[in-house]
Amino acid sequence: MKFIYNLFNSGCWWGVGGTASAYFLRQLYGSDLQIDLYEPSNVLCGRVATIEIAGRRYESGGSIIHPSNRYSKSIADEFGLRYAERANSLLSFHDGENFLFRASEWKIVTIFRLLWTFGLDLIRLHWFTKSYMDMFDLIYTDQKMGHSYTDVHDLLFALGQDTFINATKVTACKLFAEQEFGKNLIDLVLNGGLLTNYGQTCEVNGFVGAVAMAGIQPGLWSIRGGNNLLCSKLHESSGAHWKHKAVTKVSLSSTGKFSVSTAENEAIYDHVVIAAPINRDKNNIDVSTACSNFCPSAKTDTRHYRRTVATFVKGKLNSKKFQCDSLSSCPVILCTSNSTFFRAIGLHLPVDYDNMNGDTIDSAVYKVFSDAPLTKNQLQQLFEESSEAKEADWFAYPIFSPPEQLDSFVLHEGLYYTSPIERAASAIEMSLISAKNAALLSYNHWYALPHSVSSKTLNDRSEL
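Note that the structure is a prediction, hence the values are computed from the model and not measured. (Residues numbered from 1 in each chain as written. Predicted model: local features only at pLDDT ≥ 70, side-chain atom pairs only at ≥ 80, totals over all residues. Heavy atoms only, no water.)

1. Notes on the environment of Cys231
Piece 1. Along the chain, the position of Cys231 falls in helix 10 (residues 229-238).
Piece 2. Look at Cys231 and you get buried, because its relative accessible area is 0%.
Piece 3. Along the chain, Cys231 and Ala20 lie 211 residues apart, while their C-alpha atoms are 7.3 Å from each other.
Piece 4. Ignoring anything within four residues of it in the chain, the contact list for Cys231 reads Gly15, Val16, Thr19, Leu44 and Cys45. (Helix = DSSP H or I, 4+ residues; strand = E, 2+ residues; numbered from the N terminus. Buried < 20%, exposed > 50% of the residue type's maximum accessible area, 1.4 Å probe, protein only. Contact = heavy atoms within 4.5 Å.)

2. Brief notes about the pairing of strand 5 (residues 91-94)
Piece 1. Pairing of strand 5 with strand 14 (residues 332-335) involves four bridges; the strand directions are parallel. The residue of strand 14 that forms the bridge with Leu91 is Val332.
Piece 2. One ladder, built from three bridges, connects strand 5 with strand 6 (residues 99-102); its direction is antiparallel. Across the sheet, His94 pairs through a bridge with Phe99, a residue of strand 6. (Pairing = 2+ DSSP bridges.)

3. Structural notes on helix 8 (residues 183-198)
Piece 1. Largest kink in helix 8: about 25°, centred on Asn191.
Piece 2. Counted residue by residue, helix 8 has twelve buried out of 16 residues, so it is predominantly covered.
Piece 3. Those residues of helix 8 that fall on the buried side of the exposure criterion are Leu185, Ile186, Leu188, Val189, Leu190, Asn191, Gly192, Gly193, Leu194, Leu195, Thr196 and Tyr198.
Piece 4. Phi turns positive, to about 70°, at Gly199, one or two residues after helix 8. (Bend = angle between axes of the 7 residues up to and from the residue.)

4. Here we look at the packing of aromatic side chains
In this description, an aromatic ring pair is defined by two values, namely the gap between the centres and the angle between the planes.
Piece 1. Summed over the entire model, instances satisfying the criterion amount to 28 aromatic pairs.
Piece 2. Each ring, one from Tyr29 and one from Tyr443, has its centre 5.1 Å from the other, and the planes form 70°; the classification is edge-to-face. Of the two residues, Tyr29 is situated in helix 1 (residues 15-29) and Tyr443 in helix 13 (residues 428-446); the sequence distance between them amounts to 414 residues.
Piece 3. Given the relative accessible area of 11%, Tyr29 is considered buried.
Piece 4. Each ring, one from Tyr132 and one from Phe207, has its centre 6.4 Å from the other, and the planes form 45°; the classification is tilted. Here the residue Tyr132 occupies a position in helix 4 (residues 121-136), and Phe207 occupies one in helix 9 (residues 206-214), the gap between them amounting to 75 residues.
Piece 5. Classification of Tyr132 as buried rests on a relative accessible area of 7%. (Phe/Tyr/Trp six-rings, centres within 6.5 Å; stacked < 30°, edge-to-face > 60°.)

5. So, the environment of Pro398
Piece 1. Locating Pro398 in the fold gives a position in strand 17 (residues 383-398).
Piece 2. Taking the C-alpha atoms as reference points, Pro398 and Pro218, separated by 180 residues in sequence, lie 25 Å from one another.
Piece 3. When neighbours within four sequence positions are excluded, Pro398 is seen to be in contact with Gln200, His304, Tyr305, Arg306, Glu422, Arg423 and Ser426.

6. Some thoughts on unusual backbone geometry
Glycine aside, negative phi is the norm for most residues, and most peptide bonds take the trans geometry.
Piece 1. Residue Pro403 is reached from Pro402 by a cis peptide bond, and omega for that bond is 0°.
Piece 2. Structurally, Pro403 can be placed in the loop between strand 17 and strand 18 (410-412).
Piece 3. Even without being a glycine, Glu180 presents a positive backbone phi close to 65°.
Piece 4. Note that Glu180 resides in the loop between helix 7 (172-178) and helix 8.

7. Regarding empty space enclosed by the protein
Piece 1. Scanning the entire structure with this criterion turns up three cavities of 30 Å³ or more.
Piece 2. Of the voids in this model, the largest cavity is the one considered here, and its volume is about 120 Å³.
Piece 3. Taken together, 13 residues line the largest cavity, and the ones lying closest to its centre are Ile278, Asp301, Arg303, Tyr417 and Arg423.
Piece 4. A class-by-class count of the residues in the lining of the largest cavity yields seven nonpolar, two polar and four charged. (1 Å grid on protein atoms, 1.4 Å probe; cavity = no way out; pocket = protein on both sides within 12 Å on 5 of 7 lines; lining within 4 Å. Points joined across faces, edges and corners; volume = space filled by probe spheres on them. Nonpolar A, V, L, I, M, F, W, Y, C, P; charged D, E, K, R; others polar.)

As structure tokens, then:
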């Protein structure tokens, strides 16, 4: 049997979702499958990208992976991708003018400051975050068994039942207060982590808050050479034919198949996976004549994505403002309020950093997150000297606003959409999980397998 699929991701988005969909489809269907992947630019991986400054490349998009992210780890291991070295960091929280907490180069001093500022809340935070990750870890077993989910609500309910669903309905501020975390942890750690990872305060949904707290824990890693190697390896392994064209419309043909249109021509496919958000901020792909369920539209969807500017600077931080005089003594600075003109400042090593071959900390650059491009005056406030600066300006993740609308992955039988998972939380691993779900939806539908589950048919996890 041979039939054709179309997988596409358009513009600067999580291209990992499109390449991973192709990879998982190849795993499920085997070699007797033709896959076309539509991407008009000359690079895959969209929001997982690198930027060159001072003759080296640095992560400019999705830059961290959690140690519990099984798909990222297994893909990296399968293709022999090595883990990158990361700069040592002294974590601090800043209100734009002064430090509210700052780690010390002396570990015992840092421990004392942590206990003084947060008490035992950091230990409680570890177990709270772990409980969420342990529940979410069930997705890997479910997908290994061939289970697929028709919408984000069903997926979250299958893993965390009301705990996860309710977390998407309230703010992270409220969720963490209900868990009796102290004001210092919410104001500093929660807001600092969210502003760094998502550009928003704890007014985001609670599920995003839990994900963001995982994103500031120890053990985070990235891929040597750049996380975008995930996409190139997934694409290579899938054998997908890369069409350098932008899709403008997907419609249902009279034969029950799907017509995919570009500016130049159209092609017919049995199944289609859309791996790019359709919204007014980026993509205006018309799927109105192909939907039978939920139908995303750039005209009617009022939700937006959050603009993020990452400014890379080769220079020296303002030693008076940030109380440091060398690369090794300068802290990672997380802002705790969105009233400041910058959100975070961190030291980053080149993606090909190798201290065994003579690389030193001097090859590092600072990455500054902000909501808008930094002015010359703002850069001078942050840096007392700089030799080069470059920007990566992009729509990074959704603007979260609970209660979240948890949309369908199925636009029509045979037409699947990976992006709705981002409304729960946005991360590289979330894109991989949604890509695997799309591949399973396709496979289960094609072979009429009873492996698509919903909240109406799920049993209590305690019975397993």
